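A closer look at the structure
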Amino acid sequence: MRNVYLLRHAKSSWTDPNMDDHDRPLNARGRRSAAEVAETLRRKKIHPDLVLVSSAERTTETVERLGLDVEVSSERRLYLADAKKLLNRLRVLPDNVNTVLVVGHNPGIEQLVVALSRPEDKPLEGMPTAALVGLTVDAATWSNLEEHTATPVGRWLHAGEKKK
């Protein structure tokens, strides 16, 4: 059994309209929601063996705020990657990795959730920023990972709204 957790980066800042998209950091709400994601990972006892993350500032900062003590692979090819690229990346993971967390962007992250999920499972209701989806896959090796074979284990939303 393999575990795949897919996280859309937390909310990014648009304060500088001239900033390159790749370089946009998290905004205050994004920093709060990343802390909420960290709490969900702790509470649900989700311990990835490896984190794959887009090289964009907002994804990198999201991962930094999770406080994980695990190998993180920041990869330019994951920046705005579609589902096919993400799936191909998963298929070349080493087989000693049982649980992976992928932190990326929409629409690719959402498309990958749909591509991996079995058709009979409840359809995805979107992936807002800082949404986390967990899937289990019955695959002996990552190279055997096939579409529409995953079972959902959870979906957690993290709004990062200010506490009143």
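Residues numbered from 1 in each chain as written. Predicted model: local features only at pLDDT ≥ 70, side-chain atom pairs only at ≥ 80, totals over all residues. Heavy atoms only, no water.

Focus: the overall build of the protein
Across its full length, the protein carries four helices and six strands. Listed N to C, the secondary structure of the protein is β-α-β-α-β-α-β-α-β-β in terms of helices and strands. Along the longest, intermediate and shortest principal axes, the C-alpha atoms of the protein span 45 × 35 × 30 Å. Each of the 164 residues in the protein was classed as buried or not, and the buried ones make up 49%. For the protein, the proportion of contacts with a sequence separation of at least 24, taken over those separated by at least 6, is 70%. Surface exposure of the protein reaches about 8,500 Å², of which carbon and sulfur atoms provide 49%. Once the 25 positive and 23 negative side-chain charges of the protein are each reduced to a mean point, those two points are 6 Å apart. (Helix = DSSP H or I, 4+ residues; strand = E, 2+ residues; numbered from the N terminus. Buried < 20%, exposed > 50% of the residue type's maximum accessible area, 1.4 Å probe, protein only. Contact = heavy atoms within 4.5 Å. Areas by Shrake-Rupley, 256 points an atom, 1.4 Å probe, with all protein chains shown as cover. Lys, Arg positive; Asp, Glu negative; His and termini not counted. Charge placed at Lys NZ, Arg CZ, Asp CG, Glu CD.)

Side note on helix α2 (residues 57–64)
Three or more residues of α2 are buried, namely Arg 58, Thr 59, Glu 61, Thr 62 and Val 63. In the core, the buried residues of α2 are packed alongside β1 (2–8), α1 (28–43), β2 (50–54), β3 (71–75) and β4 (99–104).

Description of empty space enclosed by the protein
Scanning the model with the defined rule gives one cavity of 30 Å³ or more in all. The volume enclosed by the largest cavity comes to roughly 30 Å³. Along the walls of the largest cavity sit Leu 52, Leu 78, Leu 86, Arg 89, Leu 90, Val 102 and Leu 112, which together make up its complete lining. By residue number, the principal contributor to the lining of the largest cavity is helix α3 (residues 83–90), which donates three residues. When grouped by side-chain class, the residues that make up the lining of the largest cavity number six nonpolar, no polar and one charged. (1 Å grid on protein atoms, 1.4 Å probe; cavity = no way out; pocket = protein on both sides within 12 Å on 5 of 7 lines; lining within 4 Å. Points joined across faces, edges and corners; volume = space filled by probe spheres on them. Nonpolar A, V, L, I, M, F, W, Y, C, P; charged D, E, K, R; others polar.)

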